[in-house]
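One-letter residues, chain by chain:
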Amino acid sequence: MRTHIVWDWNGTLFHDMEAVLAASNAAFATIGVGPMTMQQYREQYEIPIPRFYERLLGRMPSPEEWLELDEAFHVRYGELSPGCGLTEGVRDLLAGWQSAGHSQSLLSMYEHDKLLPLVDTFGLTGSFLRVDGRSGPSGGQKAEHLTRHLAALARQVDPARTVLIGDAADDALAALGAGAHAVLYTGGSHTREKLEPVGVPVVDSLAEAVELAGRIAG
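So, here is what we can say about the structure in this document. None of these values were measured; they are calculated from a predicted model. (Residues numbered from 1 in each chain as written. Predicted model: local features only at pLDDT ≥ 70, side-chain atom pairs only at ≥ 80, totals over all residues. Heavy atoms only, no water.)

**Topic: the nonpolar core**
In this structure, W7, W9, L13, L106, F128 and I165 are the most contacted members of the largest nonpolar core, which totals 53 residues. Top element by residues in this core is helix α1 (residues 17-29). It accounts for seven residues. Not counting residues up to four positions away in its chain, the partners in contact with I165 are I5, V6, W7, D8, T12, V183, L206, A209, V210 and A213. Membership of the second largest hydrophobic core comes to 16 residues, among which are V157, A180, A182 and L195. (Core = buried A, V, L, I, M, F, W, Y, C linked by side-chain atoms within 4.5 Å. Buried < 20%, exposed > 50% of the residue type's maximum accessible area, 1.4 Å probe, protein only. Helix = DSSP H or I, 4+ residues; strand = E, 2+ residues; numbered from the N terminus. Contact = heavy atoms within 4.5 Å.)

**Quick word on helix α8 (residues 169-177)**
Those residues of α8 lying buried are A169, D170, D171, A172, A174 and A175. Considering only its buried residues, α8 is in contact with α7 (143-152), β6 (162-166), β7 (181-185) and α9 (192-195). At the exit of α8 stands G179, carrying a positive phi of roughly 80°.

**Description of the packing of helix α3 (residues 49-57) against helix α4 (residues 63-80)**
Packed helices, taken two at a time, are described by the angle their axes make and the gap between the axes. Two elements in contact, α3 and α4, have axes separated by 12 Å at closest approach and are oriented at 105°. Comparing their axes, α4 and α3 come out roughly perpendicular. Facing I49, P50, Y53 and L57 of α3, the residues of α4 in contact are E65, W66 and L69. Of the residues that constitute the contact of α3 with α4, the class distribution is six nonpolar, no polar and one charged. (Axes fitted to C-alpha atoms, helices over the stretch in contact; angles between N-to-C directions. Parallel < 35°, antiparallel > 145°, perpendicular 65-115°, else oblique. Nonpolar A, V, L, I, M, F, W, Y, C, P; charged D, E, K, R; others polar.)

**Remarks on empty space enclosed by the protein**
If you walk through the whole model with that rule in mind, you get one cavity of 30 Å³ or more. Here the largest cavity is characterised by a volume of approximately 570 Å³. Lining the largest cavity are 33 residues, with N10, Y45, I49, F73 and M109 sitting closest to its centre. Breaking the lining of the largest cavity down by element, the ones donating at least two residues are α1, α3, α4, β4 (103-111) and α8. Looking at the lining of the largest cavity, the element that brings in the most residues is α4, giving six residues. Residue composition of the lining of the largest cavity, grouped by class: 15 nonpolar, nine polar and nine charged. (1 Å grid on protein atoms, 1.4 Å probe; cavity = no way out; pocket = protein on both sides within 12 Å on 5 of 7 lines; lining within 4 Å. Points joined across faces, edges and corners; volume = space filled by probe spheres on them.)

**Quick notes on the pairing of β6**
Across the five residues of β6, five count as buried, placing the element largely inside the fold. Along β6, one buried face is formed by T162, L164 and G166 and the opposite face, lined by V163 and I165, is buried too. Here strand β1 (residues 4-7) pairs with β6 via four bridges, running parallel. Across the sheet, the residue bridging to I5 is V163, located in β6. Here four bridges tie β6 to β7, and the two strands are oriented parallel to one another. Residue pairing for β7: V163 is matched across the bridge by H181. Remark: the β6/α8/β7 crossover connection has right-handed handedness. (Pairing = 2+ DSSP bridges. Right-handed = clockwise from strand over helix to strand, strands pointing away.)

**Notes on the pattern of salt bridges**
Overall, the coordinates contain twelve salt bridges when judged by the stated rule. Between D132 and R130 there is a salt bridge, with its nearest N and O atoms 2.7 Å apart. A relative accessible area of 33% means that R130 is categorised as partly exposed. A network of salt bridges, in which partner residues are shared, links D8, K142 and D171. (Salt bridge = Lys/Arg side-chain N within 4 Å of Asp/Glu carboxyl O.)

**A few points about the packing of aromatic side chains**
Scanning the entire structure with this criterion turns up twelve aromatic pairs. Seen in terms of ring centroids, Y45 and F52 are 5.3 Å apart; in terms of plane orientation they differ by 75°. Their pairing is edge-to-face. A single burial state applies to Y45 and to F52, both of which are buried. Taking the centre distance of 5.7 Å and the plane angle of 70° together, the rings of Y77 and Y110 count as edge-to-face. On the criterion of sequence distance, the pair formed by Y77 in helix α4 and Y110 in strand β4 is long-range, its members being 33 residues apart. (Phe/Tyr/Trp six-rings, centres within 6.5 Å; stacked < 30°, edge-to-face > 60°.)

**Quick word on the sheet that holds β1**
Backbone hydrogen bonds are what pair the strands of a sheet, in a parallel or an antiparallel way. Strand order in the open sheet formed by six strands is β5-β4-β1-β6-β7-β8, and the pairing between neighbours is parallel. Here the strands that pair on one side only, and so sit at the sheet edges, are β5 (131-134) and β8 (202-203). One ladder, built from three bridges, connects β4 with β5; its direction is parallel. When the sheet's bridge partners are listed, L107 is paired in β5 with D132. Against the sheet, helix α5 (residues 90-99) engages β1 and β4, with an angle of about 140° to β4.

Here is the structure:
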């Protein structure tokens, strides 16, 4: 089977961190937490997201607070995300990987029904064997979604020859749990210091990530 990349979307292929920060600060305001800078956010952010809010509050948000936080985030993100674009070099990297005879797919924790038209807006749908967004409640972890994603690709993709490229420690944990590899990118939601303890390669550009993917699983 071919070497395969599973791409993350938010903070990886889609450069939306400014929108994410502004939406997060809108959510924080609903629980009386002041705004964060980008550096503060990247140093403190973690998945599952309720645990992130627990660290800020000193307690787990109540079910009512969680719904309010989630709603405030998604309303503001929905206002700002249309102004975001792809990470630099994405189109060339996707085309180059595909033309080299490899395969790739997209798995995001962004809502599936919103992800599909967004990816299509950028003309990228045809670059992927499969595009999957989140189904079910927001705020969870990627592991079960990756398991389903790889199962749907089982005839075309071998997990042992698959590399997940993402920007969060949760991406790597999901990949390792599924028998795949991972490379983490520092341009998204986490600082290098938060990513390195996971024990997978950490890079500062997606070009480095693709080059490493070819060496790790080629």
